[in-house]
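# Observations on chain architecture
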Amino acid sequence: MPTFDDLLEEAGSFGRCQRRVFALLSLLPVLFAGVYVGIVFQGFTPDHWCRDSAVVEKRESCGWSLADSRRLTVPSVNSSGSVQYSSCEQYQVDWNSTGLTCDTRDLNLSRVPVTALFRLFSFNFLFPFMSQFDLVCSDGWFVDMYQSTFSVGNLIGSFAFGYFADRFGRRLCLLVSIMVNAMSGLILAVVPNYISILVARTAFGFGAKGCWMASYVLIAEIVGVEYRRTVGILYQIMFSFGVILLPLLAYYITDWRWLQVIFSAPYILFLSCYWFVPESPRWLISQNKSSKALEITAAMAKENKRTLKQYEEVAEDEGDSPTASLLDLIRTPKMRKHTFILSFNWFTSAVVYQGLIMRVGITGGNLYIDFLITALVEFPAALLILFTIERIGRRLPFALSNIIAGASCLAAAFIADGMVWLKMVAACIGRLGITIAFEMVLFVNTEIYPTYVRNLGVSVCSTLCDVGGMIAPFLLYRLAAVWLELPLIIFGIVAFIAGGLVFFLPETKGIPLPETIDDIEFPDRFHQMAKDLNVTICFYIYKLYLSIVLI
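Residues numbered from 1 in each chain as written. Predicted model: local features only at pLDDT ≥ 70, side-chain atom pairs only at ≥ 80, totals over all residues. Heavy atoms only, no water.

### Some words on helix H8 (residues 141-168)
Given a rise of 1.5 Å per residue, 28 residues ought to cover 40 Å, and the 39 Å separating the end C-alpha atoms of H8 matches this to within 8%. Roughly 30° is the biggest bend found in H8, and it falls at Gly-157. One or two residues past the end of H8 sits Gly-169, with phi positive at roughly 110°. (Helix = DSSP H or I, 4+ residues; strand = E, 2+ residues; numbered from the N terminus. Expected span 1.5 Å × (residues − 1). Bend = angle between axes of the 7 residues up to and from the residue.)

### Examining the environment of Asn-304
Here Asn-304 shows up in the loop between helix H16 (290-303) and helix H17 (333-359). A relative accessible area of 12% places Asn-304 in the buried class. Along the backbone, Asn-304 and Cys-17 are 287 residues apart, and their C-alpha atoms lie at a distance of 6.0 Å. Engagement of the side chain of Asn-304 in a polar contact is seen with the side chain of Gln-18, the distance being 3.1 Å. (Buried < 20%, exposed > 50% of the residue type's maximum accessible area, 1.4 Å probe, protein only. Polar contact = N/O pair within 3.5 Å; in protein donor to acceptor, adjacent residues only side chain to side chain.)

### Some remarks on the confidence of the model for the protein chain
Summary statistics for the protein chain give a mean pLDDT of 81 and a share of 81% for residues scoring 70 or more. Within the protein chain, strand E6 (residues 121-123) has the poorest average pLDDT of any element, 50, and helix H23 (residues 486-502) the best, 95. (pLDDT = per-residue confidence, 0-100.)

### Topic: the packing of helix H3 (residues 28-37) against helix H10 (residues 194-222)
Two numbers describe how H3 lies on H10: the axes approach to 11 Å, and their chain directions differ by 150°. The angle between the axes of H3 and H10 places the two elements in the roughly antiparallel class. At the point where H3 passes H10, the crossing takes the left-handed sense. Contacts from Leu-28, Pro-29, Phe-32 and Val-35 of H3 reach H10 at Arg-201, Phe-204, Ala-208, Cys-211, Trp-212 and Ser-215. For the contact of H3 with H10, the per-class residue count stands at eight nonpolar, one polar and one charged. (Axes fitted to C-alpha atoms, helices over the stretch in contact; angles between N-to-C directions. Parallel < 35°, antiparallel > 145°, perpendicular 65-115°, else oblique. Left-handed = near helix turned anticlockwise from the far one by under 90°. Contact = heavy atoms within 4.5 Å. Nonpolar A, V, L, I, M, F, W, Y, C, P; charged D, E, K, R; others polar.)

### A closer look at the packing of aromatic side chains
We describe a pair of aromatic rings using the distance from one ring centre to the other and the angle between the two ring planes. Following the criterion strictly, the structure yields 22 aromatic pairs and no others. Ring centres of Phe-32 and Trp-212 lie 5.1 Å apart, and the angle between their planes is 45°; on these two criteria the pair is classed as tilted. Residue Phe-32 is found in helix H3, and its partner Trp-212 is found in helix H10; the two are separated by 180 residues along the sequence. Residue Phe-32 is classed as buried on the basis of its relative accessible area of 9%. Here the basic side chain of Arg-167 rests over the ring of Phe-168, its NZ or CZ set 5.0 Å away from the ring centre. The ring of Tyr-274 is capped by Arg-171, whose NZ or CZ atom sits 4.3 Å from the centre of that ring. (Phe/Tyr/Trp six-rings, centres within 6.5 Å; stacked < 30°, edge-to-face > 60°. Lys NZ or Arg CZ within 6 Å of the ring centre and 35° of its normal.)

### A look at the packing of helix H1 (residues 4-11) against H16
Working note: a packed helix pair is described by the angle between its axes plus the distance between those axes. The interhelical angle for the contact between H1 and H16, taken along N-to-C directions, is 25°, at an axis separation of 9 Å. Overall, the two elements H1 and H16 adopt an arrangement that is roughly parallel. Considering only the axes of H1 and H16, their crossing is right-handed. Residues Phe-4, Leu-7, Leu-8 and Ala-11 of H1 lie in contact with H16, whose contacting residues are Leu-294, Thr-297, Met-300 and Ala-301. Residue classes in the contact of H1 with H16 are distributed as seven nonpolar, one polar and no charged.

### Considerations on unusual backbone geometry
One non-glycine residue, Asn-288, adopts positive backbone phi at about 60°. Of note, Asn-288 is situated in the loop between helix H15 (281-286) and H16. Using a relative accessible area of 68% as the deciding quantity, one classes Asn-288 as exposed.

### Some remarks on the pattern of salt bridges
In total, this model carries 10 salt bridges according to the counting rule given. Linking Arg-331 and Asp-328 is a salt bridge whose minimum nitrogen-to-oxygen distance equals 2.5 Å. Across the salt bridge formed by Arg-394 and Glu-447, the nearest N and O atoms sit 2.9 Å from each other. With Arg-394 in the loop between helix H19 (378-388) and helix H20 (395-414) and Glu-447 in helix H21 (residues 420-448), this residue pair connects regions lying 53 residues apart in the sequence. Both residues of the pair, Arg-394 and Glu-447, belong to the buried class. Each of Arg-359, Lys-423 and Glu-485 takes part in salt bridges that share partners, so that together they form one network. (Salt bridge = Lys/Arg side-chain N within 4 Å of Asp/Glu carboxyl O.)

### Some points on the side chain of Arg-257
As for its position among the elements, Arg-257 is in helix H12 (residues 256-264). Comment: no salt bridge for buried Arg-257; closest opposite-charge side chain is Asp-255, at 5.4 Å. (Lys, Arg positive; Asp, Glu negative; His and termini not counted.)

### Topic: the nonpolar core
Ranked by internal contacts, the top residues of the largest apolar core, which has 127 residues, are Leu-25, Tyr-267, Phe-371 and Phe-491. Here Tyr-267 is in contact with Leu-28, Leu-31, Phe-32, Val-35, Ile-178, Asn-181, Ala-182, Phe-204 and Cys-211, once residues within four sequence places are set aside. (Core = buried A, V, L, I, M, F, W, Y, C linked by side-chain atoms within 4.5 Å.)

### Things to note about a nonpolar patch on the surface
Taken together, Ile-392, Leu-396, Leu-400, Ile-404, Met-419, Leu-422, Val-425, Ile-429, Phe-503 and Phe-504 make up a surface patch of nonpolar side chains, about 880 Å² in accessible area. Only H20 and H21 provide two or more residues apiece to the nonpolar patch. Tracing the chain through its elements places Val-425 in helix H21. (Patch = residues over 30% accessible without salt bridge, like charges linked within 9 Å, V, L, I, M, F, W, Y side chains within 5 Å. Areas by Shrake-Rupley, 256 points an atom, 1.4 Å probe, with all protein chains shown as cover.)

Here it is, written out as structure tokens:
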């Protein structure tokens, strides 16, 4: 009885049908890029200071400049020898009292007490949602919540849509998640208060994760085995392309609500995927719907200009055992070690990747140019992976990418502020390293677990990615309020640890995928069996060759 992989060989492993489906679904990561890292522009905190209505009236009557009114409203702070003003304090001055003239040259406010103000701020330009709701100073953590609630939605979506896709199919899961994205994204653009924003943002994250998972799995399941790795990397490249487009959109669309509409409205067009994208035949076979799977595969073969033989049934591919459980991932020593190391790397990749992206918004440089430059380095990451993993292996590039990212973060933290371009180079190298690590962790995760718990292992370990996404905004913005470079030091340390831990994982290049836990716990025996099998195969090939020659 043939398997679906056998059918794909006849129907075409990556023919016109698969290319059409990939071209359509690969546009979804472009939208997801804006959803995932759009906080850099939507939650950007511009230069701000306390607003005193009495000073505003005085400025209008006396003809003061904006600089004069700011100097008389908020105290100055020391910062590298330059004059800067506090963002969250103001002088306690009664500007309506008599005796205060328009001449401010002789006015000495150095001994005037200051107080913290929690509302009524002035901004140098109106752009992000935090300017609409005054989410600065003591309320600045609400901006962190904007991204964290998205990751909460991601985490819930991982479990919900994982079950939904296995129970009801990839195509229906894709349709539902796209509908959730379109509705929650557009609602997010019009809600009147910040609590509603957080609720809608959580729903948006819920749908976005389901959309990403369903489209990625569907593409992987309809192409041949030899194309899966390349298709996966190209899918990631489309996300990087969306990251590059983001600053261009944000430059011309300066209102966060309209930017949100741009992120959400295109999902309405993707509802057409239900008619242009077939259900996964591999999933149909797993649900004992071989006739429907054969019908779809025949249609794929016809579009690929191939002819499919007549089959009555298709054998189900080997996958997770129904008896697989979470305990299988931690019951034995080496499985426990692998689970811990991979989970920590998922967590580190999310924290450092998101942290480096969001840090662009608080460094004080040109937001759009700095973001674009650091985004461009993501493209070489995919090429480096393609050229190294089959030549060098998985473990060394995986470990070195984390270590390079950590070293770059630490270097950028201690480079003098005046050396702007050197800081930028270090940041770009760090972004390149962590991007490679983020893409490598998925490859290694799928190759290191035995077959019957492989999907479960990837699902469990990757949930730490969403946990890292919840923590990253607080880690960046709250620590940066203490010292701007402190988050970089934390990123560097955790990346170094993650890279060092990778050396404790086995190399998977050229090694058959393990089938049982014994293959993990006793690798020498497993490798020897694989070696003996190869020797046996070579021996029989040699005997066949001799028999042909002697004839």
